[in-house]
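Chain by chain, the residues run as shown.
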Amino acid sequence: GAASLEWCTSTGRGHVHAVTVVGRAPSDAFRSLAPYTLVVVTLEEGARLMGHATPGLQIGDAVTATFFTHDDQTLVRFERVA
């Protein structure tokens, strides 16, 4: 709800805060991805970000952000840190 926002650079690293598996896509654009995993990640900088994820992630897992293209859109995908 803040009125004064600013950009900051993130490392893309964080920990999984919440996980869900979407079995029924909300639109035709995502139907080919279903079922897919979505996560909320608490980034090292403190912000929380929702994005796609590799299957099998659990709350507390250390992750890093990557990107993929789907239907001409660039989307965030989190992967477990090895």
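Preceding this section is the structure that the text describes.
The structure reproduced in this document is the subject of the present report. (Residues numbered from 1 in each chain as written. Predicted model: local features only at pLDDT ≥ 70, side-chain atom pairs only at ≥ 80, totals over all residues. Heavy atoms only, no water.)

**As for the nonpolar core**
What tends to happen in soluble globular proteins is that the nonpolar side chains get buried as a cluster. The biggest cluster of nonpolar side chains holds nine residues, and these are Val16, Val39, Val41, Leu43, Ala53, Leu57, Val63, Val76 and Phe78. For this core, the elements supplying multiple residues, two or more each, are strand E2 (36–43) and strand E5 (73–80). Per-element accounting of this core gives the leading share, three residues, to E2. Val22, Phe30, Phe68 and Leu75 belong to the second-largest nonpolar core, a separate cluster that totals seven residues. (Core = buried A, V, L, I, M, F, W, Y, C linked by side-chain atoms within 4.5 Å. Buried < 20%, exposed > 50% of the residue type's maximum accessible area, 1.4 Å probe, protein only. Helix = DSSP H or I, 4+ residues; strand = E, 2+ residues; numbered from the N terminus.)

**Let's talk about unusual backbone geometry**
Backbone geometry follows two general trends: most residues other than glycine have a negative phi, and most peptide bonds adopt the trans configuration. Cis geometry is found at the peptide bond from alanine 34 to proline 35, where omega equals -5 degrees. Notably, aspartate 72 is not glycine yet its phi reads approximately 65 degrees, a positive angle. Among the structural elements, aspartate 72 can be located in the loop between strand E4 (62–70) and E5.

**Concerning the pairing of E4**
Inspection of the sheet shows strand E1 (residues 13–22) paired to E4 by three bridges, in the antiparallel sense. Paired with glycine 14 across the strands is valine 63, a residue of E4. One ladder, built from eight bridges, connects E4 with E5; its direction is antiparallel. From the neighbouring strand, histidine 70 faces E5, where its bridge partner is glutamine 73. In sequence, E4 turns back onto E5 through a hairpin of two residues, with aspartate 71 there showing a positive phi of about 55 degrees. (Pairing = 2+ DSSP bridges.)

Keep in mind that these numbers describe shape and distance, not what the molecule does.
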